[in-house]
Every structure is written in C-alpha cells, then in structure tokens.
2 protein chains.
Amino acid sequence: MTAAKGFTAAGVAAGIKDSGGLDLALVVNAGPRRAAAGVFTSNRVKAAPVLWSEQVLKGGQVGAVVLNSGGANACTGPEGFQDTHATAEAAALALEDSAGEIAVASTGLIGTRLPMDRLLPGVAEAAGQLSPHGGEKAAIAIKTTDTVHKTAVHEGDGWTVGGMAKGAGMLAPGLATMLVVLTTDADLEAPVLDRALRESTRTTFDRVDSDGCMSTNDTVLLLASGASQAVPDEAEFTEGVRAVCADLAQQLVRDAEGASKDIRIEVVGAASEEDAVLAGRSVARNNLLKCAVHGEDPNWGRVLSAIGTTDAVFDPDRLNVAINGVWVCKNGAVGEDRDKVDMRYREVAITADLAAGSSSAVIWTNDLTADYVHENSAYSS
Amino acid sequence: MTAAKGFTAAGVAAGIKDSGGLDLALVVNAGPRRAAAGVFTSNRVKAAPVLWSEQVLKGGQVGAVVLNSGGANACTGPEGFQDTHATAEAAALALEDSAGEIAVASTGLIGTRLPMDRLLPGVAEAAGQLSPHGGEKAAIAIKTTDTVHKTAVHEGDGWTVGGMAKGAGMLAPGLATMLVVLTTDADLEAPVLDRALRESTRTTFDRVDSDGCMSTNDTVLLLASGASQAVPDEAEFTEGVRAVCADLAQQLVRDAEGASKDIRIEVVGAASEEDAVLAGRSVARNNLLKCAVHGEDPNWGRVLSAIGTTDAVFDPDRLNVAINGVWVCKNGAVGEDRDKVDMRYREVAITADLAAGSSSAVIWTNDLTADYVHENSAYSS
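Residues numbered from 1 in each chain as written. Chains lettered and ligands numbered in written order. Predicted model: local features only at pLDDT ≥ 70, side-chain atom pairs only at ≥ 80, totals over all residues. Heavy atoms only, no water.

Visitor: Tell me about the relation of the copies chain A and chain B, and please be specific about residues and values.
Guide: Between the two copies, chain A and chain B, the superposition gives an RMSD of 0.0 Å; the rotation angle is 180° and the shift along the axis is 0.0 Å. The transformation relating the two chain copies, once decomposed into turn and shift, fits a two-fold axis. Of every C-alpha in chain A, the one belonging to Ala370(A) sits nearest the axis of rotation, 2.1 Å from it. Interface residue correspondence from chain A to chain B reaches 100%, placing this contact among same-surface, isologous pairings. (Least-squares fit on C-alpha atoms with pLDDT ≥ 70 in both. Contact = heavy atoms within 4.5 Å.)

This is the structure we're talking about:
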C-alpha cells in the first residue's frame, strides 16, 4: 500500500485484541493531493465507522484512515458512533489534521463496544510510527480470522496503485467488501477515482460470494496523493485499479474460512450480465453444491436446481454444465461421463451455459466444510 | 395415511435402491369419490414426475399415486419423462385404471435414469400387496436420507385427514415441498381441496427452510375418497389439513440432515406478512448464524446483518432480537446480558422485532453442522 508515493502507514498492538497481536492500522496521505473515493456495504444495518466514513467521503478528500480489528463497532447504537467520532478526533490531534477528513474502518465481532481506553492511545502510538515502509504492518493489523495478510501492487506508466485487504468470513459483498484500502500516487481528482473504483469493485469484490453473508462493515477506499505528478488516462488507470482489486479479491477467496476449494462459477450464454450474475450467485450460495465440491463429487444436478430458483432467462431443456472442462450436463440432461471429472485440485471451475444469449459473468465462492462450521460456531465465544 | 377410509397402500422393495430396502410406494383411492389437489415445486427445473403429475392434477381427479425413492428422475430429458409415463401406464394396467389419473412422484439423486427394468415389476408387486393397513410401509418406502418415516393424522367430526412425508435435505420448499401425500375420507370436491391445500402449505411446508436449497421434485398431493360421507365445513376442514401439514413439517425439521438444533425464527412487528417471511427467510439462510446456533452461541449480530440484506420495512436503530426469551439486542444495540441465554436444548427460539407494524411469521430452519457437510459431500458418490 505504501508502494504508491506520498503514503505512510503503521500497524500497532493497541490491546484491542485479547491475543496481543497488531490490531490498529493508520494510513496517511501526505499529498500534495488528498483526493479519495469509497464504496461501502449495501447492508442496511451499517456499522458506526461505515456511517462516519460515508459522510467523510462525500467531501471527496481523505487525509488519513484509521482501521482496527478486534471489534466491528456495529450494532452499538449512538455510543458506538461517538466512539468512531472520538477515533477520528484522536487521529486529527496526532496528525494535526481535520477529523472531517479522516476515515475510520473497523472489523471483528458485531454488537460489542470497542475498548476506547486502549484504542485511543493506540492511534497516537501509530501516528508516531508512520513510515513509508509501514504498509505490511498495517495489512497485518487489520486481520481477523485471515490466516495471511493481503497486499497487491500495480505499476502503471509513472504511477502506481497499491492496496491491502482483510476478509475471510461474512464474505458476500453487496456494493463493496470487507476492509480494503487502495492508494495511488496518480494525480487524479475525486470524481475520476470514484468512477474507477466503482467500475473495478463491480466486477471483482462484488463477484466474490464465499458464504452468502453480507457484512455490516464492508469498506473499500481509494486514496490519491498525486505525488507521482503523473496523470494517467482514465481507462488505463481504471484497469490498474481493477487489477489490484481482482488480485486482492482472489487472495480473499483463497483464504476463506475453513475452505478447501476455490470455486470459479462462470455463467455463459446469458441473456444479460444481470442474469449471469443472478444465476452464478444462486449456484455460489447453494450449500448442497458447496458440500458436493468439498467431497470432490461432480454433482451437476445441484447446479441446475440452484439455477432453477432464479428468474434468469433460460429453458431447462437447454441448460449445459461443465465441471473442470467436462460437459457433464447437456440440454438439461445427462452429458459426458461424470467419472472423467478430476476435482483433486484446490481450484474447481464450473461453467453453466444458459443458452439464452451472449452475456457472461464469473462469481467466486468456496466449498462448505466442517472446518467452516467449527470456526464459525465458536467465533464469538 | 390409510387412517382415512377408502384408501389402501403398499410399500415394496423393487430394487431401485442399492440397499435393498423398501423403495416403491403405491397409494390407491377406492372412492367413491376420487377428487384431488396438488402443489408442486416452484423450481423452474422440474423433475419428470412433477411435469407429469401437474398435468394429471389439472383434471382434479387422482385414482392412485406411485412414489419411488432411490432416484429423482430429474434432469433426465425426454427419456426420463417417458419413464414416468411408463410408470403410470404400469400402475393403470395393474389397477385397471386410466394412466391419466395416476400421479407419480420420485425422490433421490438428480441426473440419473431410473432402473425401469426393476421399477415396473415393483409397481405390479405393490398393486398385489395393497392393504388398508399399508400406510406405514408406504411411508417407509419413500425415505431417502430420512432417519425415520413420517406420518400424521387429524380426526375431524366424522372425517379424517391422514398423511405421509419424506424429506431431510434440499429442504427449502417454494410452493410445496418434498414428497407428501395427504388423504381424507371427507366428501369434498377438487376446488375445495385445492383451496384447503394451498392455504395449509403456505404457512407450514413453505415456512420450513432447512438448508436454503429448493428441490426439483417437491410434491404435495391431497386425495379425497368421500368414503366417510361427511361433508365438513371448509374452514374446519382446512384447519384439519393445516394441522397435518404442520405436524409433518415439524417432523421434517426434526429429521433434517446432520442437524442438531431446530431453530424457530419468529419475526414480529413487521409491516406486512411478506416482510416477516422475507426477513425470517434471510435469517434462516444465514450460514454464519446457523453455525453460531450449532455452537450454542447467542450471536445476535448475525441476525441483524441478515435482516439488513432485505428490503423489508425497518429502521436499524429500532430492531430488537430475543434468543430463547432473552432480549439480547434492543434498539439495534446491545440489550440484556447474552450470558443469560440457555441454548442447551434442541429447539432454539429466535424472535426478531422489526418495530414497523403488527404482522408476523414463523420460519423454521436447522443449524449448520459438520455432519451436514459430511452427509452432503458424499451423497451421490
């Protein structure tokens, strides 16, 4: 994330997590520009930091982002919102900035207040440790059940896009996803950043549906420092942002809670892109299919029964399904021999042909495993 | 099911299941009346027996029902439909009836043809074993992953409603569910049966959502023999049908694949019944909540985040949630102490108050367990 010029970052152990690990990150845009864009969860139950940061982003300027793991600050009422406000004020004080241009993001358990007596000193400590090499520590500090930290970089012509992400469960973004901070040293204004970010998240994070559960805290921010003085072409810049988003989205899928398989569901032959996404998401959320993939069982009937619950345009007698390249279902009935399907590897590719048009979309999900159940039956205890 | 006068039934081992267990059931209405109504899956990918029986039911008359486990005959193309037709013809021959008034239902794996060389002789064998005491054997013959067979009886004033059901997985009915045959000796015509059946299934089977996966084969039939010569009041009769449906629906939930908890989700204070069902179903399908309940963890934040994905009428700051009677969330934030919640028993009651009106609905689901994953990752192999 600090690969882009003009950014410093830090990650500290403020004591929010019982484990004593890094749990508070600070990212600062040193300019000269401080343009920013953000997309947030479409869940109507929004965490306090989402409500705060949505307001901050309306101004199109962000000087710094404070992120914490160890608590989502969601469903915490007016007191929780005051906690977020106090966090921004503490950062403003330490950075000699304005709280109104400081975004806040939180992740962890829903429904508990944050330990502000530890969080606020942590903000001051992080401000004292800011470094142009602090990106990795910041990425580590936002982990919850993530087993690895996630960063990505795209080098453009004289400009750079960097980013970090966290997310392993409650992973089915609506408009955005999890906590992601992207930085660039390109010299672009907020409206360009906003268009590039929305176009990029639409086909990357928004098409990850690991467990069908949309978070209350999903946040993706894109900050531009202008420090490279490069003004890239918008299409080229958007492609750079998209590449970093796609890379981070893949890292999220690969680290999903308890998963043993990454499932790429490509819907082709759809009457519209919306239909392709609808059918793909229905397949991605089908627990029986996810169990079958876990058992390396090419149970294509579960793909058809999932598609059958949608109102996408298709004729049941024309549906085709391939698993890892073998067309096990043709024209809605038995196709090639299912014993030809090799599902030993982590990535499993399912192609569903709706035979109704020429649009397509790819949705990523994971298998459903006993480890997922175990991890999520004990998480808050 | 044979508790209602005028009905005979049989269950035989035709050799469709590899296990050698009972796998073919026959239910015959000896009259004098043979009125019938049916509701079927709203999945657009429909099994051959569903397509066949929908046509049969249009006439409002059913003389017999052939049901098999060991294969769903879904996604089997025109050949699969011919197999269903041949099954009805075989029953017509054995019973000296018309194939056009014989309904067929199948359950088991999607995407494989039925072994007709064994199924058709089984139909003849079952016809030879019909008995007014054959209801239990028929109920056993339609089991798949069910651990117990399921029957229920309601005694009215001079009339009776009986029924049998199977279903343990792919349990999220759209318009109907699983395989259910209801019988009555009441002397009622098809339109009355149809109204009573739709009203009954709407608030019973349709509100079970064990695993979010809608079947291709869901079928509920109600057959009336008129043998009691009683003509019950329609409201009273409907209540009797509803009682049998509710009883069978509860048996399905209690026997759901791998489940260790039955979760009763009651949404109250909704602006409409539709909103209550929408919010309840979203909670029922939230894998993270289902894992939490499995772990006996009163993780109410997952209830709120599930409700937040719907467009039901509510204000996030007014939502209240109780788990087993303890209001752990009040006004969208922390309520009573979550340590007061006792979740040791199989039934767990979640009440979500949308604080937006006076409508309510109850949805039943199950927890998500490692046993569910295990059972469904190996089912077709």
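Next, the rest of the story.
Visitor: Could you give me a rundown of the sheet that holds strand E13 (residues 333-334) of chain A, with the residues and numbers involved?
Guide: All names here are of chain A. Reading across from one edge, E13-E12-E11-E14-E10-E15 is the order of the six strands in this open sheet, with mixed pairing throughout. Where the open sheet ends on each side, the last strands, each with one partner, are E13 and strand E15 (359-366). For strand E11 (residues 320-323) and strand E12 (residues 326-330), the ladder comprises two bridges, and the chain directions are antiparallel. In the sheet register, isoleucine 323 faces E12, and the bridge partner there is valine 326. On top of the sheet, helix H8 (residues 287-294) reaches strand E10 (262-270), strand E14 (347-353) and E15; it is set at about 135° to E14, its chief contact. (Pairing = 2+ DSSP bridges. Helix = DSSP H or I, 4+ residues; strand = E, 2+ residues; numbered from the N terminus. Axes fitted to C-alpha atoms, helices over the stretch in contact; angles between N-to-C directions.)

Visitor: Could you give an account of the interface of chain A and chain B, with specific residues and numbers?
Guide: With 52 residues of chain A at the contact, the number on the chain B side is 52 residues. Interface of chain A and chain B: buried area, both sides summed, is about 4000 Å²; carbon and sulfur atoms make up 60% of it. Linking chain A to chain B there are zero salt bridges. Elements represented by at least two residues in the side of chain A that touches chain B include exactly H8, helix H9 (301-307), E13 and helix H10 (370-377) of chain A. Broken down by class, the residue content of the side of chain A that touches chain B amounts to 23 nonpolar, 22 polar and seven charged. (Buried area = accessible area lost by both parts, 1.4 Å probe. Salt bridge = Lys/Arg side-chain N within 4 Å of Asp/Glu carboxyl O. Nonpolar A, V, L, I, M, F, W, Y, C, P; charged D, E, K, R; others polar.)

Visitor: I'd like to hear about the UniProt feature "binding site: substrate" (unreviewed entry) in chain A, residue by residue, with values.
Guide: When the UniProt feature table is mapped to this numbering, "binding site: substrate" (unreviewed entry) covers Thr144(A), Lys166(A), Thr177(A), Glu257(A), Asn376(A) and Ser381(A). Tracing the backbone through its elements, the reader meets Lys166(A) in strand E7 (residues 160-166). A polar atom in the side chain of Lys166(A) sits 2.8 Å from the side chain of Thr107(A). With respect to the helices and strands, the residue Asn376(A) is situated in helix H10. By relative accessible area, Asn376(A) is classed as buried at 2%. Dropping the residues within four chain positions of it, Asn376(A) is found in contact with Glu257(A), Leu288(B), Cys291(B), Ala292(B) and Arg302(B). (UniProt positions renumbered as here; feature names shortened; annotations may be inferred. Polar contact = N/O pair within 3.5 Å; in protein donor to acceptor, adjacent residues only side chain to side chain. Buried < 20%, exposed > 50% of the residue type's maximum accessible area, 1.4 Å probe, protein only.)

Visitor: An account of helix H5 (residues 190-202) of chain B is requested, with residue identities and associated values reported.
Guide: All names here are of chain B. Taking 1.5 Å of rise per residue, 13 residues should cover 18 Å, and H5 covers 18 Å from first to last C-alpha, within 8% of that figure. Turning to H5, its buried residues number three or more, namely Ala190, Val192, Leu193, Ala196, Leu197, Ser200 and Thr201. Angular distribution of buried residues about the axis of H5 spans 155°; they occupy a single face of the element. If you follow the buried residues of H5, they end up packed against strand E3 (35-40), strand E8 (179-184), strand E9 (219-224) and helix H6 (234-254). (Expected span 1.5 Å × (residues − 1). Arc of directions from axis to C-beta.)

Visitor: Break down the packing of H10(A) against helix H8 (residues 287-294) of chain B for me, citing the residues and quoting the values.
Guide: Between H10(A) and H8(B), the shortest axis-to-axis distance is 7 Å and the interhelical angle comes to 70°. It follows from the interaxial angle that H10(A) and H8(B) lie roughly perpendicular. On H8(B), the residues touching Tyr372(A), Val373(A), Asn376(A) and Ser377(A) of H10(A) are Asn287(B), Leu288(B), Cys291(B), Ala292(B) and His294(B). (Parallel < 35°, antiparallel > 145°, perpendicular 65-115°, else oblique.)

Visitor: Can you tell me about the packing of helix H2 (residues 77-95) of chain A against helix H3 (residues 116-128) of chain A, naming the residues and giving the values?
Guide: All names here are of chain A. Look at H2 against H3: their axes get within 9 Å of each other, and the N-to-C directions meet at 30°. Judged on the interaxial angle alone, H3 and H2 are roughly parallel. Handedness of the H2/H3 crossing: right-handed. Contacts between H2 and H3 involve Asp83, Ala86, Thr87, Ala90, Ala91, Ala94 and Leu95 from the former and Met116, Leu119, Leu120, Val123, Ala124 and Ala127 from the latter. For the contact of H2 with H3, the per-class residue count stands at eleven nonpolar, one polar and one charged. (Left-handed = near helix turned anticlockwise from the far one by under 90°.)

Visitor: Talk me through the sheet that holds strand E2 (residues 24-29) of chain B; I want residue IDs and the actual numbers.
Guide: Residue and element names in this part refer to chain B. Strand order in the open sheet made by the four strands is E1-E2-E4-E5, with mixed pairing throughout. Each having just a single partner strand, strand E1 (7-12) and strand E5 (102-106) make up the two edges of the open sheet. Between one strand axis and the next, the sheet turns through 10° on average, direction left out of account. When strand E4 (residues 64-68) meets E5, the two strands line up parallel, connected through five bridges. The residue of E5 that forms the bridge with leucine 67 is alanine 105. Taken strand by strand, helix H2 (residues 77-95) contacts E2, E4 and E5, and its axis lies near 130° from that of E5.

Visitor: Please provide a residue-by-residue account of the pairing of strand E6 (residues 150-155) of chain B, values included.
Guide: Residue and element names in this part refer to chain B. Alignment of E6 against strand E7 (residues 160-166), held across six bridges, turns out to be antiparallel. Looking at the pairing, threonine 151 lines up with methionine 164 of E7. In this structure, the hairpin formed by E6 and E7 is closed by a connection of four residues, where glycine 158 is found at a positive phi of approximately 85°.

Visitor: Can you lay out the pairing of E14(A) for me, pointing to particular residues and giving the numbers?
Guide: Residues and elements named next belong to chain A. The buried fraction of E14 is high, at five of seven residues. Where E11 and E14 come together, four bridges link them in antiparallel fashion. Each bridged residue has a counterpart across the sheet, and for isoleucine 323 the counterpart in E14 is isoleucine 350.

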